[in-house]
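Coordinate inspection notes
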Amino acid sequence: MKIAVGSDHGGYNLKTEIVNYLTKNGYEVIDVGTNNTESVDYPIYGEKVGKLVSSKECEYGVVICTSGEGIMMSANKVPGVRCGIAYNDEVTRLMRLHNDANVIAFGQKFTSTSDALFRLDIFLNTPFEGGRHQRRVELIDKI
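These numbers were taken from a predicted model, which means no experiment stands behind them. One numbering rule holds for all chains: residues counted from 1, following each sequence as written. Reporting in this predicted model follows two pLDDT cut-offs: at least 70 for local features of residues, and 80 or more for side-chain atom pairs to be given and counted; totals over whole chains, interfaces and linings ignore these cut-offs and use all residues. Excluded from the side-chain calculation are hydrogens and water; included are all heavy atoms of the structure.

Examining unusual backbone geometry
Cis geometry is found at the peptide bond from G33 to T34, where omega equals -5 degrees. Residue placement: T34 occurs in the loop between β2 (28-31) and α2 (42-54). Phi at K56 takes a positive value of approximately 70 degrees, unusual for a residue other than glycine. Only protein chains enter the accessibility calculation, which uses a 1.4 Å probe; a residue whose area is less than 20% of its type maximum is buried, one above 50% is exposed, and one in between is partly exposed. Looking at K56, the relative accessible area reads 70%, which means it is exposed. Positive phi is not limited to glycine here, since D100 has a value of about 50 degrees. In this description a helix means any DSSP run of H or I spanning at least four residues, a strand means any run of E spanning at least two, and both kinds are numbered starting from the N terminus. Tracing the backbone through its elements, the reader meets D100 in the loop between α4 (89-97) and β5 (103-107).

Structure follows, in structure tokens:
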């Protein structure tokens, strides 16, 4: 499985932990940056991850900034991306189960590394339920 990962400066440290974790666990990772903690613009990295997922070059994406909000909004501007912020375990499960989310967002300032990695596993291992939710996902994708 190929996963795109990107962050701005405010998410760089957590991004590094996530990339290392994914690589160690056998995932192929495309790290779109940033590569340090010097100030950069999060929309650039949200869009890069979003385009890799939307084009199907990557199955999933992970985006990180200080709060998770800005980079999530940026990723969601790419057609075909369904990104949610993993602010707790149940929401993380439901974003996959009901919404078929293909990108997960984290806020480095508000998420410990251990919580992020645990929720990343939930995200990657929860299948889309389909059924009544399929119609809703199709409606999201038409917007």
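Focus on the packing of helix α1 (residues 12-24) against helix α5 (residues 113-125)
For helices, the axis comes from a line fit to the C-alpha atoms of the stretch in contact; other axes are also lines fit to C-alpha atoms, and the angle between any two N-to-C directions lies between 0 and 180 degrees. At a minimum axis separation of 10 Å, α1 and α5 run at an interaxial angle of 50 degrees. Taken together, the axis directions place α1 and α5 in an arrangement best described as oblique. α5 is crossed by α1, and the crossing has right-handed handedness. Together, L14, E17, I18, Y21 and L22 of α1 and T113, A116, L117, L120, D121 and L124 of α5 make up the contact between the two elements. Should an angle lie under 35 degrees it is considered roughly parallel, over 145 roughly antiparallel, and from 65 to 115 roughly perpendicular; all remaining angles are considered oblique. Handedness of each helix crossing follows the sense of rotation of the near helix against the far helix: counterclockwise by less than a right angle gives left-handed, clockwise gives right-handed. In what follows, residue pairs with any heavy atoms lying within 4.5 Å of each other are defined as contacts.

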